Amino acid sequence: MKRIILVLALVLIAPIDASAQAPFYQDKTIRIVAGYGAGSVDDAWARLIARYLAKHIPGNPNMVVQNMPGAGAMIAANYVYKVAKPDGLTLGGIRGGLYFDQLVGRQQVQFDWTKFTWLGTPTQVEQLIYIRANTPYKTIADVRKAAVPPKCGATGTSSTGYYTGNLLEETLGAKFNTLTGYKDGPEVELAVEREEVQCRGISIETLFGREPLIGWHKTGFVRVLIQTGKKRDPRLAEVPTIWELMNEHKTPEAGIRLATIILAVGGFGRPYVSSPGLPPERAKIIQTAFKKTLTDPDFQAQAKERRLDIDPVGGEELATLAREVIAQPADVVERMKRLLEK
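Enquirer: Would you mind showing me how to read the sheet that holds strand E11 (residues 313–314) here?
Expert: Strands in a sheet are paired, the pairing made by backbone hydrogen bonds, and the direction either parallel or antiparallel. Across the sheet, which stays open at both edges, the six strands sit in the order E2-E1-E3-E10-E4-E11 with mixed pairing between neighbours. Each edge of the open sheet carries a strand with a single partner, namely strand E2 (62–67) and E11. With four bridges joining them, strand E1 (residues 29–34) and strand E3 (residues 90–93) adopt parallel strand pairing. Bridge pairing in E3 places Arg 31 opposite Thr 90. Against the sheet, helix H2 (residues 41–53) engages E1, E2, E3 and strand E10 (272–274), with an angle of about 165 degrees to E2. Each of strand E4 (117–121) and E11 touches helix H15 (residues 315–326); the most contacted strand, E4, lies at about 115 degrees to it.

Listed below in structure tokens is the structure:
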């Protein structure tokens, strides 16, 4: 009788134990809210990551990508921070420059950059400004001397196209007239084709990563005026860096400090986050899976095929960088306000 009771107890307990051991993410769906439009390099990263991330998460959840473009990814960042539940089922693909908007106190900001659950970035990003080749602006020197500044297009104030142009005015006296409000990068490119605008600030990866930009550069439809890296990209060996030009034009130390904090955006790359307050064990699962995804040989092969440059940074490092960029003295914040409110 005792043996029968023991067997019955084991039969009854086993399903309970099996259920208790089931991974949290089993039979669930993780949504990546992508703060940019379809067809962009950011969107290509989001869809590639979604394809491989579940493979490295215990329970192999389903993955979906939901595009939520607008305001330089601020709409998506606000959603992930304030609306999405902190359960690890909503991730955000946002833009690294959004910390600018928090620093200068924009009313639209509903997040604290330091409190996101940082997952990592697949790449670090250096920027450039390209311009139609049929304009009279052949170099940054031409922009500095121009009576009428070239007209650039941008999605929002945290986008490359906006802050890079304004930074060049602050540090080199090269003024750009930047129009914001475009839905996404492809919409800005349509505006360039129509000559509604003449230029745009983008990442180097974007220039060499998708059409029509690859063709534009190859055929000479556009020329690159400047790049933001400390060293020239080998693919743009003839294009000066902002650091070279600041040295040439003897930019004051205050301007160099401003450039340093603005261009720290490159370290955030194309960041992925989740909601604040995510349980530590779930945050660890996603952060670990993110790292494994980026080192997955199949993932890397697919990224190479899509001309995406892998240069990853982990979630812990991004969290540290987030705290550093937000902790700025009042004088730097005031200069940033002037720069971003032009």
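Enquirer: Even after reading the chapter, I still don't get the nonpolar core, so can you show me in this structure?
Expert: Side chains that are nonpolar tend, in soluble globular proteins, to be buried together. Of all hydrophobic cores here, the largest spans 60 residues; its most connected members are Trp 113, Phe 116, Phe 176 and Met 336. In this structure Phe 116 touches Ala 77, Val 80, Tyr 81, Ile 94, Phe 111, Val 273 and Ser 274, once residues within four positions along its chain are discounted. Tyr 25, Ala 50, Ala 303 and Leu 308 belong to the second largest nonpolar core, which has 28 residues in total.

Enquirer: Explanation requested: the packing of H2 against helix H13 (residues 280–295) in the structure shown.
Expert: Axis angle and axis distance: for two packed helices, these are the angle between their axes and the distance between the axes, and together they describe the pair. At their nearest, the axes of H2 and H13 sit 10 Å apart, and the two run at 105 degrees to each other. Between H2 and H13, the angle falls in the class roughly perpendicular. Residues Ile 49, Tyr 52 and Leu 53 of H2 pack against Ala 289, Phe 290 and Thr 293 of H13. Considered class by class, the residues forming the contact of H2 with H13 number five nonpolar, one polar and no charged.

Enquirer: How should I be thinking about the environment of Gly 209 in this particular structure?
Expert: Along the polypeptide, Gly 209 turns up in the loop between helix H8 (204–207) and helix H9 (213–219). Looking at Gly 209, the relative accessible area reads 15%, which means it is buried. Dropping the residues within four chain positions of it, Gly 209 is found in contact with Ile 214, Arg 306 and Arg 307.

Criteria and cut-off values
Residues numbered from 1 in each chain as written. Predicted model: local features only at pLDDT ≥ 70, side-chain atom pairs only at ≥ 80, totals over all residues. Heavy atoms only, no water. Pairing = 2+ DSSP bridges. Helix = DSSP H or I, 4+ residues; strand = E, 2+ residues; numbered from the N terminus. Contact = heavy atoms within 4.5 Å. Axes fitted to C-alpha atoms, helices over the stretch in contact; angles between N-to-C directions. Core = buried A, V, L, I, M, F, W, Y, C linked by side-chain atoms within 4.5 Å. Buried < 20%, exposed > 50% of the residue type's maximum accessible area, 1.4 Å probe, protein only. Parallel < 35°, antiparallel > 145°, perpendicular 65-115°, else oblique. Nonpolar A, V, L, I, M, F, W, Y, C, P; charged D, E, K, R; others polar.

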